[in-house]
Amino acid sequence: MSRKIGRNDPCWCKSGRKYKACHQAFDEKIERIREAGHIVPDHDMIKTKDQIEKIKESAKINVAVLDYISEQIKEGMSTEEIDRMVYEKTTRMGGYPATLHYQDFPKSSCTSLNHQVCHGIPSERDILKEGDILNVDISTRLDGYYSDSSRMFCIGEVSPEKKKLVEVARECIDVGLKEVKPWGFLGDMGQAIHDYAYAHGYTVVREIGGHGVGLEFHEDPWVSYNSKRGTEMLMVPGMIFTIEPMINMGRAEIYIDDKDGWTVYTQDGMPSAQWEVQVLVTDDGYEIISY
Ligand code: MF3
Ligand code: CO
């Protein structure tokens, strides 16, 4: 419960305007939705204009790193080489890879190959070969502000089945983005993605989801892609979160490698694909921050 703000006090959003002329009606609307039984965001999940600008600066680096990897990636390269390029490019642009030393994660990126679902650790031993599908997940910290997005890469000629999986995982992002608008619910987006993936015969990982991001690497809310329309957290302008569903060709079940403590695999050994977009809820829809 936050302290009650007086009508003539400065607004919590740091606009410099009085509360009554700024977010008071907005807060009252949220309060009515809470009273109707919904989950609603706290003020600290709503970014100010200034914070959004700084997060966008961080995201410029994140996107540039992904673009650079897109140009460089090729058969015969190790995922360790990719990781080195990520570190070099990020730091040369003044940023720092957010995964490096995060909860003891040892590398500057996550590289997840074929039946690895996510959080793969780059390694000299993982050499890209024709037919592989690879997720490269990049996150950047700049002046304390965070960005996070990932893309899939097909190495050489890939089987039609894997190619389709990568395409549908990509389309899931568009399907989800269409549902991002103020006064909607995260479950609108979650169900849309779930239904789209299942309509193509795929499954969606349940245990791992997206997250708020910007002032921290991982913030509330946690974002599911197995949720139901009209449920989960209310979306309001200023929220920033990721859409990053993990789409499996086979069953949804996963396990974590108990030797490295990080790499997530599909239990049935079938391939998995994931794209990740960082998105801002705006007054009339959404804006892509990093992709
Ligand atoms: N970009 C990944 C995510 O948010 C990073 C996971 S944390 C790590 O899902 F330590 F595994 F890198
Ligand atoms: Co993420």
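Please refer to the structure higher up on the page.
Residues numbered from 1 in each chain as written. Chains lettered and ligands numbered in written order. Predicted model: local features only at pLDDT ≥ 70, side-chain atom pairs only at ≥ 80, totals over all residues. Heavy atoms only, no water.

## Comments concerning the coordination of the cobalt ion (ligand 2)
Link 1 in the chain: Coordination of the cobalt ion (ligand 2) by the protein involves Asp-148 (OD), His-211 (NE2), Glu-244 (OE) and Glu-276 (OE), with metal-donor separations of 2.2 to 2.4 Å.
Link 2 in the chain: All donors of the cobalt ion (ligand 2) come from a single chain, and their spacing in sequence reads D-x62-H-x32-E-x31-E. In this pair, Asp-148 sits in strand E5 (residues 145-154) while Glu-244 sits in the loop between strand E9 (240-243) and strand E10 (246-248), placing the two residues 96 residues apart along the sequence. In this structure, Asp-148 and Glu-244 share a single accessibility class: buried. (Donors = N, O, S within 2.8 Å, 3.2 Å for Na, K, Ca; no water. Helix = DSSP H or I, 4+ residues; strand = E, 2+ residues; numbered from the N terminus. Buried < 20%, exposed > 50% of the residue type's maximum accessible area, 1.4 Å probe, protein only.)

## So, helix H4 (residues 160-177)
Link 1 in the chain: Spanning 18 residues, H4 covers 26 Å between terminal C-alpha atoms, matching the ideal 26 Å at 1.5 Å per step.
Link 2 in the chain: Among all positions of H4, only Lys-162, Leu-165, Val-166, Val-168, Ala-169, Cys-172, Ile-173, Val-175, Gly-176 and Leu-177 are buried. (Expected span 1.5 Å × (residues − 1).)

## Some remarks on the sheet that holds strand E13 (residues 272-274)
Link 1 in the chain: Within the open sheet, the three strands sit side by side as E6-E10-E13. Their pairing is antiparallel. The open sheet has two edge strands with one neighbour each: strand E6 (203-204) and E13.
Link 2 in the chain: Sheet analysis places E10 next to E13, joined by three bridges and oriented antiparallel. Across the sheet, the residue bridging to Asn-248 is Ser-272, located in E13.
Link 3 in the chain: Seen against the sheet, H4 touches E10 and E13 and runs at an angle of roughly 35 degrees to E13. (Pairing = 2+ DSSP bridges. Contact = heavy atoms within 4.5 Å. Axes fitted to C-alpha atoms, helices over the stretch in contact; angles between N-to-C directions.)

## Considering unusual backbone geometry
Link 1 in the chain: That bond from Asp-220 to Pro-221 is cis: its omega, 0 degrees, falls within 30 degrees of zero.
Link 2 in the chain: Within the element layout of this structure, Pro-221 appears in strand E8 (residues 219-223).
Link 3 in the chain: Notably, Lys-14 is not glycine yet its phi reads approximately 65 degrees, a positive angle.
Link 4 in the chain: Looking at the secondary structure, you find Lys-14 in the segment before helix H1 (24-35).

## Things to note about the pairing of E9
Link 1 in the chain: Going residue by residue along E9, you find Ile-240 and Thr-242 tucked away on one face and Phe-241 and Ile-243 tucked away on the opposite face as well.
Link 2 in the chain: Direction of pairing for E9 relative to strand E14 (residues 277-281): antiparallel, over a ladder of four bridges. For Phe-241, the partnering residue across the bridge sits in E14 and is Val-279.

## Quick notes on the pattern of salt bridges
Link 1 in the chain: Within this structure, the stated rule accounts for 13 salt bridges.
Link 2 in the chain: Between Glu-80 and Lys-107 there is a salt bridge whose closest N-O contact spans 2.8 Å. Placement of the pair is Glu-80 in helix H3 (residues 79-92) and Lys-107 in the loop between strand E1 (96-97) and strand E2 (110-113), with a sequence separation of 27 residues. Taken as a pair, Glu-80 and Lys-107 share a single burial class, namely buried.
Link 3 in the chain: A salt bridge links Lys-129 to Asp-132; the shortest N-O distance between them is 3.1 Å.
Link 4 in the chain: Counted as one network, the salt bridges with shared partners bring together Glu-80, Arg-84, Lys-107 and Glu-124. (Salt bridge = Lys/Arg side-chain N within 4 Å of Asp/Glu carboxyl O.)

## What about the site of ligand 1?
Link 1 in the chain: Within the structure, ligand 1 sits among Thr-99, Tyr-102, Phe-105, Cys-110, His-119, Asp-137, Asp-148, His-211, Phe-217, His-218, Glu-244 and Trp-262.
Link 2 in the chain: Note that an oxygen atom of ligand 1 is positioned 3.0 Å from one of the side-chain N or O atoms of His-211. (Near = heavy atom within 4 Å. Polar contact = N/O pair within 3.5 Å; in protein donor to acceptor, adjacent residues only side chain to side chain.)

## Focus on the packing of aromatic side chains
Link 1 in the chain: Inspection of the entire model under this criterion finds seven aromatic pairs.
Link 2 in the chain: Taken together, a centroid distance of 4.9 Å and an interplanar angle of 65 degrees make the contact between Tyr-102 and Phe-217 edge-to-face. Taken together, the positions of Tyr-102 in the loop between E1 and E2 and Phe-217 in the loop between strand E7 (210-212) and E8 put the pair 115 residues apart, joining distant regions of the chain.
Link 3 in the chain: Note on Phe-217: relative accessible area 8%, which makes it buried.
Link 4 in the chain: On the numbers, 6.5 Å between centres and 65 degrees between planes, the contact of Trp-275 with Tyr-291 is edge-to-face. Note that Trp-275 is positioned in the loop between E13 and E14 and Tyr-291 in the segment after strand E15 (286-290), a separation of 16 residues in sequence.
Link 5 in the chain: Here the aromatic residues Tyr-102, Tyr-146 and Phe-217 are joined through ring pairs into a cluster of three or more.
Link 6 in the chain: One Lys or Arg, Lys-29, reaches over the ring of Trp-183 and ends 4.0 Å from the middle of that ring. (Phe/Tyr/Trp six-rings, centres within 6.5 Å; stacked < 30°, edge-to-face > 60°. Lys NZ or Arg CZ within 6 Å of the ring centre and 35° of its normal.)

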